[in-house]
Amino acid sequence: MTIQEIQEEIVDEFSMFDDWMQRYEYMIELGKSLPLIDDQYKTEDYIIKGCQSKVWVHAQMKDDKVVFTADSDAIITKGIIAILIRAFSNQKPQDIIDADTSFIDEIGLKEHLSPTRANGLVSMIKQLKLYAVAYQTQLN
């Protein structure tokens, strides 16, 4: 699936819920299915700066695609990074770089987060894209 198709699928899933409590519960469930980062990467080098909670992200190239793993010490934040990883993992670096992230606004995520969590969300997206830029540079 393309990033766009995955994002549309996520938007459709979130539209099934009537209120934000159900959406938060769904995010927590998504967090439980997150491809967990190996403990060796749970260090300061892999932590996302700008997040209120601790979020670790690791990326590696497999068959010319970026594969992300992550973890967080907070359940909502774990759900947020799980959504992002679902959209961007196993994709080509250039596709990640070029990807639109408006699906976040479509599901209403930013407006239902505290300001510090919303800043953390932006930091997570930025970090995933930075990994993609680094890997794309290696491919060029």
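Residues numbered from 1 in each chain as written. Predicted model: local features only at pLDDT ≥ 70, side-chain atom pairs only at ≥ 80, totals over all residues. Heavy atoms only, no water.

*Asks:* It is not clear to me how the environment of proline 93 should be interpreted in this structure. Could you clarify?
*Replies:* Within the element layout of this structure, proline 93 appears in helix H4 (residues 93–98). Distance from proline 93 to lysine 65, taken between C-alpha atoms, is 6.4 Å for residues 28 residues apart in sequence. If we skip the residues at most four places from it in the chain, proline 93 touches Met61, Asp64, Val66, Ala132, Tyr135, Gln136 and Leu139. (Helix = DSSP H or I, 4+ residues; strand = E, 2+ residues; numbered from the N terminus. Contact = heavy atoms within 4.5 Å.)

*Asks:* What exactly am I supposed to notice about the nonpolar core here?
*Replies:* It is characteristic of soluble globular proteins that their nonpolar side chains tend to be buried jointly. Formed by 43 residues in total, the largest nonpolar core has its most connected members in Val57, Phe68, Ile80, Ile81, Leu84, Phe88 and Leu109. When residues of this core are assigned to their parent elements, the largest contribution, nine residues, is made by helix H3 (residues 75–88). Filtering out sequence-adjacent residues up to four positions away, isoleucine 81 remains in contact with Leu34, Val55, Val57, Ala70 and Met124. (Core = buried A, V, L, I, M, F, W, Y, C linked by side-chain atoms within 4.5 Å. Buried < 20%, exposed > 50% of the residue type's maximum accessible area, 1.4 Å probe, protein only.)

*Asks:* What am I meant to see in the packing of helix H1 (residues 3–15) against H3 here?
*Replies:* Helix packing geometry: the angle between the two helix axes and the distance between the axes. It is the contact of H1 with H3, at a shortest axis distance of 8 Å, that shows an interaxial angle of 145°. Facing H1, whose interface residues are Ile3, Ile6, Gln7, Glu9, Ile10, Glu13 and Phe14, H3 presents Ile83, Arg86, Ala87 and Phe88. Split by residue class, the contact of H1 with H3 holds seven nonpolar, one polar and three charged. (Axes fitted to C-alpha atoms, helices over the stretch in contact; angles between N-to-C directions. Nonpolar A, V, L, I, M, F, W, Y, C, P; charged D, E, K, R; others polar.)

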